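One-letter residues, chain by chain:
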Amino acid sequence: MDSLEQYAKVDEDHFQKMPANDGGENGGEAKLTAVLGVQDGGDFIDVEIGNSNGEEEKVMAPEEGKEESGSNSTKNQEIKEIQEHNDKDIHVPRAPGNARKHKLPRIKSQAHLPKPDPPPPTTTVTKVERTQSVSMAETMPTMPSIGKYISDRSNSLSAAIVNRLTSLKEDKELAAKDESVNIEVTEFKIPGVKVIVKMKTEAERLSLELRGRVSIFTRSNCRDCTAVRRFFREKGFMYVEINIDVFPKREKELIERTGRSETPQIFFNDKWFGGLAALNELKASAEYEAKLKELVGDRCPEGAPAMPVYGVNDEEDEDDDLVETVRYLRRSLPIQDRLLRMKMVKNCFSGADLLDAIRDFLDCSRKKGVMTAKRMGHKHFFHHVFGENEFEEGNHFYRFLEHEPFIMGCFNFRISTNDCEPKSASFLSDRLSKLMSAILEAYASENRLHVNYHGINKSEEFRRYLNVARDLQRVNMKLLTPDERLAFFLNLYNSMVIHAVISIGHPQGILDKRVFFNDFLYVVGGFPYSLNIISNGILRHNRTSPYSFVRPFNKDDRRLELIPPKMNPLIHFGLCNGTRSSPAVRFFTAEDVENELVCAAKEYFRRGAIRYKEDFGQQKEVLKWIVKCLDSTQSGLLTHLLADYDAQINIVYQDYDWSSNL
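Predicted model, so just to flag it, every value in this text is computed and none were measured.

Peer 1: Is there a simple way to think about empty space enclosed by the protein in this case?
Peer 2: Think of a ball as big as a water molecule: rolled over the atoms, this probe shows where empty space is left. For the coordinates displayed, the defined rule picks out eight cavities of 30 Å³ or more. Looking at the largest cavity, its volume works out to about 180 Å³. Lining of the largest cavity is provided by 15 residues; of these, H380, N476, K478, G525 and F527 occupy positions nearest its centre. Looking at the lining of the largest cavity residue by residue, the classes come out as six nonpolar, four polar and five charged.

Peer 1: What's the story with the pairing of strand 9 (residues 240–243) in this structure? I'm lost.
Peer 2: Two faces, one strand: in a regular strand the side chains alternate between the faces of the sheet. Bridge analysis of strand 8 (residues 214–218) against strand 9 gives four bridges, and the strand direction is parallel. Residue pairing for strand 9: T218 is matched across the bridge by N243. Each parallel crossover has a hand, and for strand 8 linked through helix 4 (residues 223–235) to strand 9 it is right-handed.

Peer 1: What exactly am I supposed to notice about the packing of helix 11 (residues 425–443) against helix 13 (residues 460–471) here?
Peer 2: Helix-helix packing is described using two parameters, namely the angle between the two axes and the distance between the axes. One way to put it is that helix 11 packs onto helix 13 with a least axis distance of 10 Å and a crossing angle of 160°. Viewed along their axes, helix 11 and helix 13 adopt a mutual orientation that is roughly antiparallel. For helix 11 against helix 13, the interelement crossing comes out left-handed. Counted together, L428, R431, L432, L435, M436, A438, I439 and Y443 of helix 11 and E461, F462, R464, Y465, V468 and D471 of helix 13 form the full contact between these two elements. Classifying every residue of the contact of helix 11 with helix 13 gives ten nonpolar, no polar and four charged.

Peer 1: When you look at the environment of C225 in this model, what are you seeing that I'm missing?
Peer 2: By the element assignment, C225 lies in helix 4. Every residue in contact with C225, bar those within four places of it in the chain, is listed here: T218, R219, T263 and P264.

Peer 1: Help me out: how do you make sense of a nonpolar patch on the surface in this one?
Peer 2: A grouping of F411, I504 and V515 is seen on the molecular surface, where their side chains present a nonpolar patch of about 230 Å² in accessible area. You can see I504 is positioned in helix 14 (residues 482–504). The exposure class of I504 is partly exposed, given its relative accessible area of 38%.

Peer 1: Mind showing me how you'd approach the sheet that holds strand 12 (residues 336–340) here?
Peer 2: Note: strands within a sheet are paired through backbone hydrogen bonds, in either parallel or antiparallel orientation. Read from one edge of the open sheet, four strands run 12-13-15-14, paired in antiparallel fashion. The strands lining the two open edges of the sheet, one partner per strand, are strand 12 and strand 14 (382–384). Across the sheet, the axes of successive neighbouring strands diverge by a mean angle of 55°, strand direction being ignored. Direction of pairing for strand 14 relative to strand 15 (residues 397–400): antiparallel, over a ladder of three bridges. What sits directly across from F382, in strand 15, is F400. Across the sheet, helix 9 (residues 351–362) lies against strand 13 (343–350), strand 14 and strand 15, angled at about 20° from strand 13, the strand it touches most.

Peer 1: Which parts of the structure should I look at to understand unusual backbone geometry?
Peer 2: Outside of glycine, negative phi angles account for most residues, and trans bonds account for most peptide bonds. In this structure, the amide linkage connecting T263 to the following residue, P264, adopts the cis form with an omega of 5°. Residue placement: P264 occurs in the loop between helix 5 (250–258) and strand 10 (265–268).

Peer 1: Hey, could you run me through the nonpolar core in this one?
Peer 2: Soluble globular proteins tend to pack their nonpolar side chains together in the buried interior. If you look at the biggest cluster of nonpolar residues, it comprises 74 residues, and the most contacted ones within it are F489, L490, L492, V524, Y529 and L539. With twelve residues, the top contributor of residues to this core is helix 14. One finds L329, A373, F382 and F391 within the second-largest nonpolar core, a separate group that totals 17 residues.

Peer 1: Sorry, what's going on with the sheet that holds strand 8 here?
Peer 2: Across the sheet, which stays open at both edges, the four strands sit in the order 9-8-10-11 with mixed pairing between neighbours. The sheet is open, and its two borders are formed by strand 9 and strand 11 (271–274), each paired with just one other strand. Between one strand axis and the next, the sheet turns by 25° as a mean value, whatever way the strands run. Sheet contacts for helix 4: strand 8, strand 9 and strand 10; angle to strand 8, the most-contacted strand, approximately 160°.

Peer 1: So what exactly am I meant to see when it comes to the environment of K555 here?
Peer 2: As for its position among the elements, K555 is in the loop between helix 16 (531–539) and helix 17 (593–605). Looking at K555, the relative accessible area reads 77%, which means it is exposed. For K555 and N542, which are 13 residues apart along the polypeptide, the C-alpha to C-alpha distance reads 10.0 Å.

Peer 1: Even after reading the chapter, I still don't get helix 16, so can you show me in this structure?
Peer 2: Because an α-helix completes one turn every 3.6 residues, residues spaced three or four positions apart along the sequence face the same direction. With nine of nine residues buried, helix 16 is to be regarded as a mostly interior element. For helix 16, the set of buried residues is L531, N532, I533, I534, S535, N536, G537, I538 and L539. Against helix 14, helix 15 (510–519) and strand 17 (527–529) lie the buried residues of helix 16. Backbone geometry just after helix 16 places H541 at a positive phi near 60°.

Criteria and thresholds
Residues numbered from 1 in each chain as written. Predicted model: local features only at pLDDT ≥ 70, side-chain atom pairs only at ≥ 80, totals over all residues. Heavy atoms only, no water. 1 Å grid on protein atoms, 1.4 Å probe; cavity = no way out; pocket = protein on both sides within 12 Å on 5 of 7 lines; lining within 4 Å. Points joined across faces, edges and corners; volume = space filled by probe spheres on them. Nonpolar A, V, L, I, M, F, W, Y, C, P; charged D, E, K, R; others polar. Pairing = 2+ DSSP bridges. Helix = DSSP H or I, 4+ residues; strand = E, 2+ residues; numbered from the N terminus. Right-handed = clockwise from strand over helix to strand, strands pointing away. Axes fitted to C-alpha atoms, helices over the stretch in contact; angles between N-to-C directions. Parallel < 35°, antiparallel > 145°, perpendicular 65-115°, else oblique. Left-handed = near helix turned anticlockwise from the far one by under 90°. Contact = heavy atoms within 4.5 Å. Patch = residues over 30% accessible without salt bridge, like charges linked within 9 Å, V, L, I, M, F, W, Y side chains within 5 Å. Areas by Shrake-Rupley, 256 points an atom, 1.4 Å probe, with all protein chains shown as cover. Salt bridge = Lys/Arg side-chain N within 4 Å of Asp/Glu carboxyl O. Buried < 20%, exposed > 50% of the residue type's maximum accessible area, 1.4 Å probe, protein only. Core = buried A, V, L, I, M, F, W, Y, C linked by side-chain atoms within 4.5 Å.

Have a look at this one:
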C-alpha cells in the first residue's frame, strides 16, 4: 500500500509585517491562516492570509505580468480557477515587502484505489497571531483528516484482498470437483499487490500423507544409488540417506539387517524393501501409491535405521609410537634463532642436542638414538632446515614441522600438527575421493558444472573431509603407485579448490588469482602444496605456469620424487579450478584413472576448448591429438580435413570465462 508523505516548511522570515487597511498608519500586523481542503486525493487547494483588521484575503498564483485585483468578484473567479486546476502546484504570490514565494507539495491520488469522501468544507478560519515564528504543523488544522484518509484507504485494500482470497478459495473448490482440471500455479492481481499461490503437486500431497521414514543405504560413485536418489527427489519424497563411505561404521549395521553389503538398500520404516530392482517393480505397479501408504503410512517405529549423527567423530585414531619422545623433545630442546650460511634461521635446534635428548629420555645407546632420530625425520616430525637429509650426525640443524615458515599458511593445519599414527597414503587417497564424491552427489548439479559451496560448507561430509585433510600432514607419499599418485593429486587439487572458494572466496582479479593459486596451501607429507605446485610442479613435470618464468621446484627439492614417470596431457580435463570454462568437477579412482580422464576429455570437447596448447603440440599436432577424444562423426570430419595437405588450418581458442561455477 502506497504511503502518503507530506512535507511543509515555513521560514520565519517568509512572513513580513504587512500594512493594515489604513495604509500602514496604524502599524497593523499581518495575520496568516492556512486552510487545507482535501479534494481529489488530498491536494492543497486554498491558502488564506488575514490582516490585523479582521479582513480576510484569498491569495492565488497570478499570471505573469498581471497585478492582483482588489474586487471580491475577481478573487472568487481566481479561487475557482485554482480549484479546477488542483493537480498543479500552488505558489504563494509575492507579497509586499520581503515576502517570498512558497510551494506547497501535494499528495497525489491513487487512481486504482477507492477514494474517501472529502471532509465538509471549512466554514471558519482559525487565525494565528503573528507574535513569533509559526510552524507549518500549527497552521494545518485538518491533519486528522489525512490520518482518516490513510486509514480508509488501508481498510479498503484489506477488504479487497480478503474478498479476492475468498473468491479464489471458492474457485478452487469448484475446480476440484472436475478431475480434468489440474491447478499447479494460480496467479491473481490486486491493485498494487501481486499474489502467486503455488498448489501442491500430487507427489507432494502424497509425501505429506506418508508419516513414516524412508531410509536408503548408499555408497559414493554408485549408479544404482544415484537412480534411487533421483526417483525419490522427482517424487518429492523425503528420505534419509546413510552413505557407507561417509559413515563407515554403518556398514556393519547394513550387513546385520540385510545379510549383504551391496547398495542401495531401501528401508520403509523398519522393514527392508530391497534395492533398485524392487523399487522399479513398485514404480511399475498400478497401485504403487497405495502400497507406499501401506508401507510408510504410519509413524516410524524405534526399530528403523537410525538417522546419521552429525558432528561426532566415530573414527578412532591411534597415537604415534614416537609421540611421547617427541613431546619430551619439544619441551627440553634449546630451540632458538641462528645465523646459518648467511641466513637467519628461526626456531631451530642442533642435531647433537637432539641426539643427547633422545638418549636421555630413552636411556639407550647412541646407535639406537640415531635410529630413533631418523625414524622421526622419516615421519616428518622435523626437517633439516635446508632440506638436505632426514637426520645425520654432525653439525646439522633441524626444526619441528609446526615451526616451518609455511605452516601457518596451511589450511589443513589446526594449532598443532597431527601426532596420530600416519594412515597409509592409499587409504587416505581412497577416503578423500569417496568423501568428495558424496559431496558432489548432494551439493552439485547432475552435470557437475555448478556447485553449491554454501551447502558444502555446512555439510557433515565436508567436516569429515577436513579431518582427512589433516591426516595428510605426515603421510608417506612415496608408497603410492604411479596411478595412485596421479589420482591422488588430481583429487587433491579439486578438493583444495572447493576448500579455497569456501575459505577465501573466488578470485576476482589478478592479485586474487595469485593468492588463490599460490598462497592457499596444504601441508602434505611434511611439505607445502599449493594449486600451482600440484598442477605445474607435479602433474606437468615442473613446468612454468602461464605468465611465469619460474619453475615451481628447484633441482634439490625433495618433492620432485613424486612427479609421475611421464606427463599425461589429459590431466587438464581432470582439473577444475572453480570457473565456468574449466572442466566439470570430478574425482578419480586409482584403478581406472586413465579411462576416466579420457571420458572427461570427451565430455569437455563437447562444450569447451584447450587451455594449455603447448602440452598438446602445435596446429595439426593438436588436431591429431583431439581426434582421439571426439565422437565418430566429428572425428571423421576432422580426419578428412587433416588428410588434405593443401588445406590451411587455423585453430581458434575460446575466451576463458573466469566467473565462478556457482
